[in-house]
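# Structure at a glance
In case you want the letters, here they are:
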Amino acid sequence: MSGADVPECGVADLHAAWSDGAYVLDVREPSEYAEGHVPSAVLIPLGELPSRVGEVPRDRPVYVICRSGRRSLTGARALAVVGIAATSVRGGTMAWMQAGYPVSTEVAGRR
């Protein structure tokens, strides 16, 4: 995969993967993350992703989420370029919340 075209999924697909323990990467800013995020999602703001890409697992799929889906697509493309299997979540955290899925406001352990 070139990184130009990365897979996308909806929040129902993310919910199923998340329920099975999928790695969820939130690329929003810390203030947005603190307002509510997918429980267990790891925060690495999009602007920090190039310098922190080593923190993202390479041995399993990564679901990239943001607020509405635009930044997650950029983040998933950046990960795909370095060989990480990444899927962008269409609709982002807004769609996740609108669907009534669990939301966390915990920010412990955030860098």
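Look a little higher up for the structure.
Residues numbered from 1 in each chain as written. Predicted model: local features only at pLDDT ≥ 70, side-chain atom pairs only at ≥ 80, totals over all residues. Heavy atoms only, no water.

### Some details on helix 1 (residues 11-19)
- Of all the positions in helix 1, only V11, L14, A17 and W18 are classed as buried. Buried positions in helix 1, seen along its axis, are confined to an arc of 120° and lie on one side of it.
- Tucked inside the fold, the buried residues of helix 1 contact strand 1 (8-9), strand 2 (23-26), strand 4 (62-65), strand 5 (86-89) and helix 5 (92-98).
- Positioned one or two residues after helix 1, G21 has a phi angle of 90°, which is positive. (Buried < 20%, exposed > 50% of the residue type's maximum accessible area, 1.4 Å probe, protein only. Helix = DSSP H or I, 4+ residues; strand = E, 2+ residues; numbered from the N terminus. Arc of directions from axis to C-beta. Contact = heavy atoms within 4.5 Å.)

### Some details on the packing of aromatic side chains
- All told, the structure shown has two aromatic pairs when counted by the stated rule.
- Both rings, one in W18 and one in W96, keep their centres 5.7 Å apart while their planes meet at 85°; by these two values the pair is edge-to-face. Of the two residues, W18 is situated in helix 1 and W96 in helix 5; the sequence distance between them amounts to 78 residues.
- Consider the rings of W96 and Y101, whose centres lie 4.8 Å apart with planes at 50°: the pair is tilted.
- Clustering of aromatic rings is evident, with ring pairs tying together W18, W96 and Y101. (Phe/Tyr/Trp six-rings, centres within 6.5 Å; stacked < 30°, edge-to-face > 60°.)

### Quick word on the pairing of strand 4
- Here strand 4 shows two buried faces, one formed by V62 and V64 and the other by Y63 and I65.
- Strand direction decides the pairing type here: strand 2 and strand 4, joined by four bridges, are parallel. The partner of D26 across the bridge, within strand 4, is I65.
- The pairing of strand 4 with strand 5 spans three bridges and is classified as parallel. Along strand 5, the bridge assignment pairs Y63 with T87.
- Between the parallel pair strand 4 and strand 5, the chain is carried across by helix 4 (residues 70-81), and the sense of this crossover is right-handed. (Pairing = 2+ DSSP bridges. Right-handed = clockwise from strand over helix to strand, strands pointing away.)

### Some thoughts on the environment of P45
- Locating P45 in the fold gives a position in the loop between strand 3 (42-43) and helix 3 (49-52).
- Judged by its relative accessible area of 4%, P45 falls in the buried class.
- Sequence-wise, P45 and E32 are 13 residues apart; in three dimensions their C-alpha atoms are separated by 10 Å.
- Sequence-distant contacts of P45, defined by excluding residues within four places in its chain, comprise D26, V27, R28, E29, P30 and R52.

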